Amino acid sequence: MTDIKPKLRPARRPPEPQPAVADSSSPYSNVRPPNRKPPPPVPPPRPDLLHRTSSEHGADVTSSTPKEKVGHMNRQSSFPEVYRPKPPTPTRNRDSLSEESAYQSIRDSSIHQSFYQLDDSSTDSDYHIYAHGPIPEQNPTPAKQRPGRLPPELPKSVENRSPRTPTSPASYVQSSPRAPPNSLIEPPPIAVEEDDETEDWITVQHSFQPFISKPEDAKKAASSMAREGYLTVSKSRIPSEKIWVKYDSKTLKCYDNEEKNKLLDIVPVSEMKSAEIKSDNAKSGFKFVLDTFPEQYNFKTGTFEDVQLWVMALTSGIIKETRRVEELTGGNMENPTKAGYLKRSGGKKLFMVIKDQYICCYHNQQDYLDNKVLRRIDSKTSSVRIQDRAKYKLILSLCDKELKLQAENEEDMLAWISTIQGAIKIALQNLDDGGSLPAMEVKKYIYHNSSNRICADCLSRDPEWAVINLGITICEKCAGFHRKISTDFSKVKSITLDSKWTPARIKLFQEIGNKNSNKFFQYAITQYDKINPNVNDVQRLEFIKSKYVKKEFYQFSKFKGDAKGLGEALCEVVKTDNILETLNLLLSGADVKYVSTEGFSPIQSAILHDQPLQVELLQAHYDDLGGEMLNPGKLSSVKLPPSSEIIKQGYLDKKGPQTYDRFLKRYFVLTPKELIYHKDASVAGRISVSSITDVSVQGNCEIVISTQQRSYTCRASNAEEAREWVEAITWKIKVFEVPIEHQDTADGIPYVVDTCIRFIAEYGLQEEGIYRKSGRNNMVEQLRKAFNADAANVVIDPEVYSVHDVASTLKKYFRTLPESIFTQRRSDSIICTYSINSKSEKIEALKGFLDDLPEVNYRTCRYLIKHLVSVSEHYRINLMSVDNLALVFTPTLFRLQHSNEEMAIGEVDIALGSLHDIIAEHEVLFRKFDDTLSSKEMLPRKFFSELSLKVKQRTL
Ligand SMILES: [Zn+2]
């Protein structure tokens, strides 16, 4: 294996500018502004454009002689040539020209010729226009496409070439010997390479070549990104304002009206730069801008929906076009992820280079350095697998062909496979075709589906959160609980804050939306099961769990339980625009990574059939699944702990113990006791949660888990994922600063609270200033660490720790809870009760709010308050009256929001009053769960003296 070190590589030669065959006075040169760039998502410049740019120096842009018009036409006539694939065994002029520039030369020199040969039967290159895109319209009118962007002064010549009487004797497709019409409709068989060295795999230049199983599908696929309709155009050279515009994913044609009598203008997709929504409201009109090579078109249409569809269709065409050109040139492959030779089955070597999502094949390394690509493969429509491990053989499946390749050794083979899988993963993550839309506008677009204006779960108005894998909108409260259930079920994003809203994603929300989604999710729901905006948190969480995790009301697909049936059905349905069926199959358990009998995953099928919405939906279900594509079926055979015990699971790349070890993909499962990681189907290692001393995020998405013995480095696929893992593990290994609902408890009360209170009850009730005086910082810190390490087993030694140390520890625990023990929502309500004058009303209100707390908060609160009451009963000795205790505990138990000091002081007074009320009225207030008073609360105070009072020193 010859790995290329990027730094050793000579500077890459850009495609060399080829002096145009026509001289600088050529009409062609006159009309091309030199500033064309490819659309933003695909960064490398288009060499054909670079070329154009460089040949245009000194061009007279303002000239409008008849010559210029001819120039337009010439340029247009060369349009098909852009797609001209390289011949299988191109002759190369290695000395002076790169292959691409050689082609450019051929292209340019044929400009005039091809124009004057318009009416001749098409050349070989013509077929490639359609062979790689959707099916052409029924009556292609080459004569019409070719005249190019005719200025209005020449309408007659256009009329003469009426689309109904094409002057061209044959359509492109029919005339091509290599592409009989049927080949576009019948799926070409996937060629399995025998022992050959034929280069036929090279001639299929475009990974986007669709193969379509049924003629109806073909039409659908072709039409999915084609549009036509009336648009109002302003500030353009088109003479009329209201025009009929037809876009077929290759060209945009403007006609005088829908009869298409007069062709006013024509813009090939190769000249388009970008399409953007410009205005989305009725007041200023629904507008979009099409930026093309020479000029801008401002279009206006009747509805916002229409604007979006136009922009999506145009953007998709522009991106595909850019990729097509890149496929011809190889694109920018500098600083590759991996490069080296692989042997083909016939013994010939191929130099393969992988960068990001692209795999480029070259005859040899020199060709790579010279940009002479044989084929550029976009890995999103590829897959890779081991053919023969003992012989280091692997198979790279392309959309049209399987390439059998042999590496030098096993390690190299595995490295290639993992790099290709990485490329596929990148490709599938990069599928965002449209640019993102302005965040504040997104809501309006999503609300175009009116069912999205009401929370899919509780029916609150104006929801601002979205579940991207389900295509629904939810309110903030419901979003909070959606985030608590696993991302396997619900991936929540903010509509107004999250920046990644592409037209395709928005369209998905318009197509699915709350009403359609609930047809599945609430199919079997009764009136009794439903919730309203005012339900409490417990009811809300229960509902969301029942609806999305247990899917209690769900209408499953008939294939449920049949993995193959689900998978095949999924791969079929994604070829159509039936988004809802795709959603149902996915939610019924279809594997988004299933590989169909045709050899494609659903996402690849959707791409091949030009179904951007399907791609978007599949992608939303794909993100968290990691890149384990080598053994898709294997994980199902892993014996996982019962799901009720799994706190978090998913793929992480795990590094071995040595610094030079590589990252390998492992499936991690976190349970309350262990962090288990799997290699394929077997358990590769277990880390006891109690042995973990620390866990943190390092850099962007690396997770470092430390135990006393060693530290583990893992890598998540993104920063958010890393943070979630660290949080989940932290909550298992820590007590302080962890939400109370994640604490291990004894009968509903966190161990730390229970242990500290028992200690104070035993030794501190008669201590002067208990809870008012501070403990020693270092002792408090020791206790904190002891609780973090193993809260359930901490026993406090009264000879080592003073009651004040323990009291401070308890206060610190409450103060560092991420949320007030009264919960953020209820704190304010509780504080407000202080202003109620009637005592009975006040108590009723307080009781209502306290009863509404989550159970662990309620029990802990009651336990603490009862303890404080018993402290206050000794106030003659300890000097801690109810007033004093309330004063000490107010800042500990409430989170007062106002930073403004005056406000805060007022608020403290009020909060203080409320806490005073709670302590004083505890007997009437805490009546809930009275029948099940925890056994701990009932234990005699003697309890502590019976224990061996040693602190268990663990990892202090
Ligand atoms: Zn809601």
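Residue numbers run consecutively from 1 along every chain, following the written order of its sequence. At least 70 in pLDDT is required for a residue's local features to be given in this predicted model, at least 80 for side-chain atom pairs to be given and counted, and no such filter applies to totals for whole chains, interfaces and linings, which use all residues. Note that the side-chain values use all heavy atoms of the structure and ignore hydrogens as well as water.

Describing the overall build of the protein
Heads up, the rule is: Strands are runs of DSSP state E lasting at least two residues, helices are runs of H or I lasting at least four, and both sets are numbered from the N terminus onward. Only protein chains enter the accessibility calculation, which uses a 1.4 Å probe; a residue is then buried when its area is under 20% of its type maximum, exposed when over 50%, and partly exposed in between. Areas reported here follow the Shrake-Rupley algorithm with a probe of radius 1.4 Å; residue values treat only the protein chains shown as occluding.
In terms of regular secondary structure, the protein is built from 36 helices and 27 strands. The buried share of the protein, taken over its 956 residues, is 55%. As displayed, the protein has an accessible area near 41,200 Å², and 50% of this comes from carbon and sulfur atoms.

Some words on the side chain of T823
Basically, it comes down to this: Residues are treated as being in contact if the distance between any of their heavy atoms lies within 4.5 Å.
Structurally, T823 is set in helix α29 (residues 823-832). Since its relative accessible area comes to 9%, T823 is described here as buried. Non-local contacts of T823, meaning those with residues more than four positions away in its chain, are made with L853, P854 and N857.

What about the sheet that holds strand β21 (residues 674-679)?
Going by this rule: Whether two strands pair depends on DSSP finding at least two bridges between them. Simply put, an axis is a line fit to the C-alpha atoms, just over the touching stretch for a helix, and the angle between two N-to-C directions goes from 0 to 180 degrees.
One open sheet accounts for seven strands, arranged β22-β21-β20-β19-β25-β24-β23; its pairing is antiparallel. The open sheet has two edge strands with one neighbour each: β22 (682-688) and β23 (692-698). The mean inter-strand angle of the sheet, taken between neighbouring strand axes irrespective of direction, is 35°. Pairing between β23 and strand β24 (residues 702-707): six bridges, direction antiparallel. Across the sheet, the residue bridging to V697 is I703, located in β24. Helix α25 (residues 719-733) contacts β19 (648-655), β20 (663-670), β21, β23 and β24 of the sheet and is inclined by roughly 160° relative to β23.

A look at the coordination of the zinc ion
Stated precisely, the cut-off is as follows: Note that water is not among the atoms used; donors are N, O and S atoms within 2.8 Å of the metal (3.2 Å for Na, K and Ca), so sites may look incomplete. Metal sites are grouped by the angles between bound donors: all angles between 85 and 135 degrees with four donors is tetrahedral, opposite donors over 155 degrees apart with the others between 65 and 115 is square planar for four donors and octahedral for six, and any other pattern is irregular.
At 2.2 to 2.3 Å from the zinc ion lie its protein donor atoms, namely C455 (SG), C458 (SG), C475 (SG) and C478 (SG). Angles of 104 to 120° at the metal separate the four donor atoms of the zinc ion, which places the site in the tetrahedral class. Mapped onto the sequence, the donors of the zinc ion take the spacing C-x2-C-x16-C-x2-C. With C458 in the loop between α16 (439-446) and β16 (465-467) and C478 in helix α17 (residues 476-484), the pair connects residues that are 20 residues apart, well separated along the chain. With respect to class, C458 is no different from C478; both count as buried.

Some remarks on helix α28 (residues 803-815)
As a reminder of what qualifies: Take the number of residues in a helix, subtract one, and multiply by 1.5 Å to get its expected span.
Spanning 13 residues, α28 covers 18 Å between terminal C-alpha atoms, matching the ideal 18 Å at 1.5 Å per step. Burial runs high along α28: eleven of the 13 residues are buried. Where α28 is buried, its residues touch β27 (749-750), α26 (751-763), α27 (777-790), α31 (855-872) and α33 (882-893).

Here's the deal with unusual backbone geometry
The phi torsion of most residues other than glycine is negative, and most of the peptide bonds are trans. Backbone geometry at N335 places phi at a positive 50°, although glycine is not the residue there. Structurally, the position occupied by N335 is in the loop between α13 (304-329) and β9 (338-344). The residue K551 is not glycine, and still its phi comes out positive at about 50°. Position of K551 relative to the elements: it lies in the loop between α20 (537-549) and α21 (563-573).

A word on the sheet that holds strand β2 (residues 227-234)
Overall, antiparallel pairing links the seven strands, which are arranged β5-β4-β3-β2-β8-β7-β6 in an open sheet. Two strands lie at the open edges of the sheet, namely β5 (263-268) and β6 (272-281), each paired on one side alone. Sheet twist, expressed as the average angle between the axes of neighbouring strands with direction ignored, equals 30°. Inspection of the sheet shows strand β4 (residues 251-255) paired to β5 by five bridges, in the antiparallel sense.

A closer look at the pairing of β6
Sheet topology note: the β6/strand β7 (residues 285-292) ladder contains eight bridges and is antiparallel. By the bridge assignment for β7, E276 is matched with V289.

Examining the nonpolar core
Quick reminder of the rule: The term nonpolar core refers to a set of buried residues drawn from Ala, Val, Leu, Ile, Met, Phe, Trp, Tyr and Cys, joined through side-chain atoms within 4.5 Å.
Within the largest apolar cluster, 58 residues are counted, with the highest numbers of intra-cluster contacts made by V753, Y771, Y813, F814, F822 and L915. The biggest single contributor to this core is α31, with nine residues. Setting aside anything within four residues of it in sequence, one finds F822 in contact with S827, I830, L850, L853, C861, L893, F894, L915 and I918. In terms of nonpolar packing, the next biggest core, distinct from the first, is built from 47 residues, M312, I579, L586 and A590 among them.

Details of the pattern of salt bridges
Here is the rule: The salt bridge definition used is simple: a Lys or Arg side-chain nitrogen within 4 Å of an Asp or Glu carboxyl oxygen.
Tallying each qualifying case throughout the model produces 26 salt bridges. The closest approach of N and O atoms between R784 and E781, which form a salt bridge, is 2.7 Å. Of this pair, R784 and E781 both sit in helix α27, three residues apart, which is roughly one turn of the helix. Look at E781 and you get partly exposed, because its relative accessible area is 26%.

Quick look at the side chain of S820
Condition: Under this definition, polar contacts are N or O atom pairs within 3.5 Å; protein pairs additionally need one hydrogen-donor-capable and one acceptor-capable atom, and for neighbouring residues in sequence, both atoms have to be side-chain atoms.
For S820, the location among the structural elements is in the loop between α28 and α29. Polar side-chain contacts of S820 include one of 3.2 Å to the side chain of S827. Only 2.7 Å separates the side chain of S820 from the backbone oxygen of L893, close enough to count as a polar contact. Setting aside residues up to four positions removed in sequence, S820 forms contacts with S827, N857, L893, F894 and R895.

A word on α27
Here α27 spans 20 Å end to end across 14 residues, near enough to the 20 Å set by a 1.5 Å rise per residue. Within α27, burial applies to M779, V780, L783, R784, A786, F787, N788 and D790. Its buried side turned inward, α27 meets α25, α26 and α28.

Comments concerning the pairing of strand β14 (residues 393-397)
The element β14 is extensively covered by neighbouring structure, given that four of its five residues are classed as buried. Sheet analysis places strand β13 (residues 383-388) next to β14, joined by five bridges and oriented antiparallel. Across the sheet, S383 pairs through a bridge with S397, a residue of β14. Here β13 hands over to β14 after four residues, with Y392 in that stretch at a positive phi of 60°. In the sheet, β14 pairs with strand β15 (residues 401-406) via five bridges, with the strands oriented antiparallel. Bridge pairing in β15 places I395 opposite K404.

A word on the packing of aromatic side chains
Note the following rule: Any pair of Phe, Tyr and Trp rings, taking the six-membered ring for Trp, is counted once the centres come within 6.5 Å. Such a pair is stacked with planes under 30 degrees apart, edge-to-face with planes over 60 apart, and tilted for the rest.
For the coordinates displayed, the defined rule picks out 21 aromatic pairs. Measuring from ring centre to ring centre gives 4.9 Å for Y341 and F351, while their planes differ by 65°; the resulting arrangement is edge-to-face. Linking Y341 in strand β9 with F351 in strand β10 (residues 349-355), this pair joins segments that are ten residues apart in sequence. The same class applies to Y341 and to F351, which are both buried. Between Y362 and Y368 the ring centres are 5.2 Å apart and the planes differ by 65°, which places this aromatic pair in the edge-to-face class. Overall, Y362 belongs to the buried group, its relative accessible area being 0%. In textbook terms, an aromatic cluster arises when at least three aromatic residues are bridged by ring pairs, as seen for F520, F521, Y548, Y554 and F556.

Let's talk about the confidence of the model for the protein
Filter applied, for reference: Values of pLDDT, ranging from 0 to 100, describe the predictor's confidence in every residue of the model.
Looking at the protein, pLDDT values average 71 and 67% of them are 70 or higher. Counting interchain partners and residues more than four positions distant, the pLDDT-below-50 stretch residues 1-196 has 340 contacts. Segment residues 899-903 is flagged for pLDDT under 50; beyond a separation of four residues in sequence, or across chains, it makes one contact in the model.

Points about the packing of helix α19 (residues 513-521) against helix α22 (residues 579-587)
Relative orientation and spacing of two packed helices are given, respectively, by the angle between their axes and the distance between those axes. Going by this rule: When an angle is under 35 degrees it counts as roughly parallel; over 145 it counts as roughly antiparallel; between 65 and 115 it counts as roughly perpendicular; any other value is oblique. We call a crossing left-handed when the near helix sits turned anticlockwise from the far one by less than a right angle, and right-handed when that turn is clockwise. Only Asp, Glu, Lys and Arg are considered charged in this grouping, and only Ala, Val, Leu, Ile, Met, Phe, Trp, Tyr, Cys and Pro are considered nonpolar; every other residue, Gly among them, is considered polar.
Their axes nearest at 11 Å, the elements α19 and α22 cross at an angle of 40°. Between α19 and α22, the angle falls in the class oblique. Between α19 and α22 lies a crossing whose hand is right-handed. Across the interface between the two elements, N516, F520 and F521 of α19 pack against L580, L583, N584 and L587 of α22. Classifying every residue of the contact of α19 with α22 gives five nonpolar, two polar and no charged.

Details of the environment of W501
The topology assignment puts W501 in the loop between β18 (492-494) and α18 (503-511). For W501, a relative accessible area of 0% puts it in the buried group. On a C-alpha basis, the gap between W501 and E441 in space is 9.9 Å, while along the polypeptide they are 60 residues apart.

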